[in-house]
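# Structure at a glance
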Amino acid sequence: MKHVSILVPKGNAILSNVIGTFKVLLATNQFLKQTGAREDDFFEVHLVGLKKDLSLYHGLFSIHCDSTIDDIKKTDLILIPALRPDKLNEDLDQNQDFVPWILEQRNKHQAEVASMCMGAFVLARTGLVDGKQCATHWAGMDLFKKMYPQVNLVSNKVVTDEDGIYTSGGAFSFLNLMLHLIEKYCGRGPAIYISKFFEIDFDRENQNQFAIFQAQKDHEDEAIRQAQKYIEGNVAEKISVENLAKKHAISRRNFVRRFKKATQNTPLEYIQRVKMEWAKRSFESTQHNVNEVMYQVGYTDQKAFRTIFKKYVGLSPVAYKNKYNRNFSDFRSPTAW
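If you're wondering where the values come from, they're calculated on a predicted model, not measured in any experiment.

## Concerning helix H14 (residues 317–324)
Among all positions of H14, only Pro317, Tyr320 and Lys321 are buried. On an axial view of H14, the arc spanned by its buried residues comes to 100°, and they lie on one face.

## Some details on unusual backbone geometry
Backbone geometry places Cys117, a non-glycine residue, at a positive phi of 55°. Tracing the chain through its elements places Cys117 in the loop between strand E7 (112–115) and helix H4 (120–126). With relative accessibility at 4%, the residue Cys117 sits in the buried group. The phi torsion at Ala249 lies on the positive side, around 55°, for a residue other than glycine. Its location among the elements puts Ala249 in the loop between helix H9 (241–247) and helix H10 (252–263).

## Brief notes about the pattern of salt bridges
The final tally for this structure, using the stated rule, is twelve salt bridges. In this structure, Lys74 and Asp76 form a salt bridge, with 3.3 Å as the shortest nitrogen-oxygen distance. Assessed through its relative accessible area of 46%, Lys74 is described here as partly exposed. Lys280 is the salt-bridge partner of Glu277, the closest N and O atoms lying 3.1 Å from each other.

## Overview of the packing of helix H6 (residues 174–186) against helix H7 (residues 188–198)
Packing of H6 against H7 brings their axes to within 7 Å, and their N-to-C directions diverge by 150°. As far as their axial angle goes, H7 and H6 are roughly antiparallel. As H6 packs across H7, the resulting crossing turns out to be right-handed. Across from Leu179, Ile182, Glu183 and Cys186 in H6, the residues of H7 making contact are Arg188, Pro190, Ala191, Ile194 and Ser195. Here the residues of the contact of H6 with H7 are counted per class, giving six nonpolar, one polar and two charged.

## Observations concerning the packing of aromatic side chains
Ring pairs (aromatic) are described by centroid distance and by the angle formed between their planes. Per the stated rule, a full pass over the model turns up 17 aromatic pairs. Plain terms: the ring middles of Phe121 and Tyr148 are 6.1 Å apart, the flat faces sit at 70° to each other, and that makes the pair edge-to-face. Residue Phe121 is found in helix H4, and its partner Tyr148 is found in the loop between helix H5 (141–147) and strand E9 (152–153); the two are separated by 27 residues along the sequence. Residues Phe305 and Phe309 carry aromatic rings whose centres are separated by 6.0 Å and whose planes lie at 45° to one another, so their mutual orientation is tilted.

## As for the sheet that holds strand E10 (residues 159–162)
Sheet strands line up and pair through hydrogen bonds in the backbone, either parallel or antiparallel. On the basis of which strands lie adjacent, the open sheet formed by seven strands has the order E5-E2-E1-E6-E7-E11-E10 and mixed pairing. Looking at the sheet topology across the chains shown, the edges are occupied by strand E5 (67–68) and E10. Alignment of strand E1 (residues 2–8) against strand E6 (residues 77–80), held across three bridges, turns out to be parallel. Pairing of Val4 across the sheet is with Leu77, part of E6. Sheet strands touched by helix H1 (residues 15–34): E1, strand E2 (43–49) and E6. Its angle to E2, the strand with the most contacts, is close to 165°.

## Quick notes on the side chain of Asn29
Following the sequence through the fold, Asn29 ends up in helix H1. The class of Asn29 is buried, set by a relative accessible area of 4%. Among the polar contacts made by the side chain of Asn29, one reaches the main-chain amide nitrogen of Phe43 at a distance of 2.8 Å. Beyond its immediate chain neighbours, meaning those up to four positions away, Asn29 contacts Asp41, Phe42 and Phe43.

## Some details on the packing of H1 against H6
In the contact formed by H1 and H6, the axes pass within 10 Å of each other and the chain directions differ by 30°. What the angle tells us is that H1 and H6 run roughly parallel. Judged by the sense of rotation from one axis to the other, the crossing of H1 with H6 is right-handed. Two secondary-structure elements touch here, H1 through Ser16, Asn17, Gly20, Thr21, Val24, Leu25, Thr28 and Leu32 and H6 through Phe174, Leu175, Met178, Ile182 and Cys186. Among the residues making up the contact of H1 with H6, the classes are represented as eight nonpolar, five polar and no charged.

## Regarding the state of the cysteines
Overall, the coordinates contain zero disulfides when judged by the stated rule. Between Cys65, a cysteine without a disulfide, and Cys117, which holds the nearest cysteine sulfur, the sulfur-to-sulfur distance is 20 Å.

## Examining the side chain of Asn95
Structurally, Asn95 is set in the loop between helix H2 (88–94) and helix H3 (98–109). Relative accessible area serves as the criterion here: at 2%, Asn95 is assigned to the buried category. The contact partners of Asn95, leaving out residues within four places of it in the chain, are Pro9, Lys10, Leu50 and Leu83.

Rules used throughout
Residues numbered from 1 in each chain as written. Predicted model: local features only at pLDDT ≥ 70, side-chain atom pairs only at ≥ 80, totals over all residues. Heavy atoms only, no water. Buried < 20%, exposed > 50% of the residue type's maximum accessible area, 1.4 Å probe, protein only. Helix = DSSP H or I, 4+ residues; strand = E, 2+ residues; numbered from the N terminus. Arc of directions from axis to C-beta. Salt bridge = Lys/Arg side-chain N within 4 Å of Asp/Glu carboxyl O. Axes fitted to C-alpha atoms, helices over the stretch in contact; angles between N-to-C directions. Parallel < 35°, antiparallel > 145°, perpendicular 65-115°, else oblique. Left-handed = near helix turned anticlockwise from the far one by under 90°. Contact = heavy atoms within 4.5 Å. Nonpolar A, V, L, I, M, F, W, Y, C, P; charged D, E, K, R; others polar. Phe/Tyr/Trp six-rings, centres within 6.5 Å; stacked < 30°, edge-to-face > 60°. Pairing = 2+ DSSP bridges. Polar contact = N/O pair within 3.5 Å; in protein donor to acceptor, adjacent residues only side chain to side chain. Disulfide = S-S within 2.5 Å.

Structure, rendered in structure tokens:
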């Protein structure tokens, strides 16, 4: 039997992460017993909070934890749900007491730890992902890089697995994390069953196709901000880092350093990401073919365009257009979490 502690943070915790993981683990127990693989539950699941009764989403939902961290002396797996970004720093502070408990369980009992979406911010506070790969929601990546530069944040992966520390990408990617854990603990068969029962895509590895590039302008470097605006306003042009630096009377080396510090991207990465985001929106909303879109974003080499597009998006231009062009929606200002 594996003792699982699903944490229930105070404040703006994502309730679906708590309920979803709970349901998946219980369904796995049921499957293992129905198939005769076990007579008892494999997962002993507990909802663990800093206090037992909590209200979420401004009092719209209430949740009762069966345990607090003081009640759990030993656990095998800790699952950290996401926090909404609304009041992230405030929520991190009011859930700080989870951090020493997680570390105690890890150091004393070799507990494994998994974070979901922006639960990675809580995990990072423990130091357990310092120097390790870590995934989180694409919308929180720039902030995560600023807060935890010692962590190897990966933008593309849906699930990471390193030394008993697991993380997952944004929103409902936690379901792919649960499939990964079920396969690891119980085998491929139960994981496939859970995939089919809950209709979760199996072996989804890349989350780049879902990311919307949000230009990081929350900084004090006015020259870099103007360079960003120039890049975004001249998508069809071939923009060189050298010319950008000259335009703002900054040496190339200093320009690159300041740009990376301000935006968390090198100038070249920023140029490419802006162009690929524009190309994505064109594929989503127009009937332009790949060559037409390629020229519109300043590329003339088909191979280079396809390579860079797939690098940032995870799909080829044709595959992306086929997947997202059925109707047009504007998701550039996401507000729902």
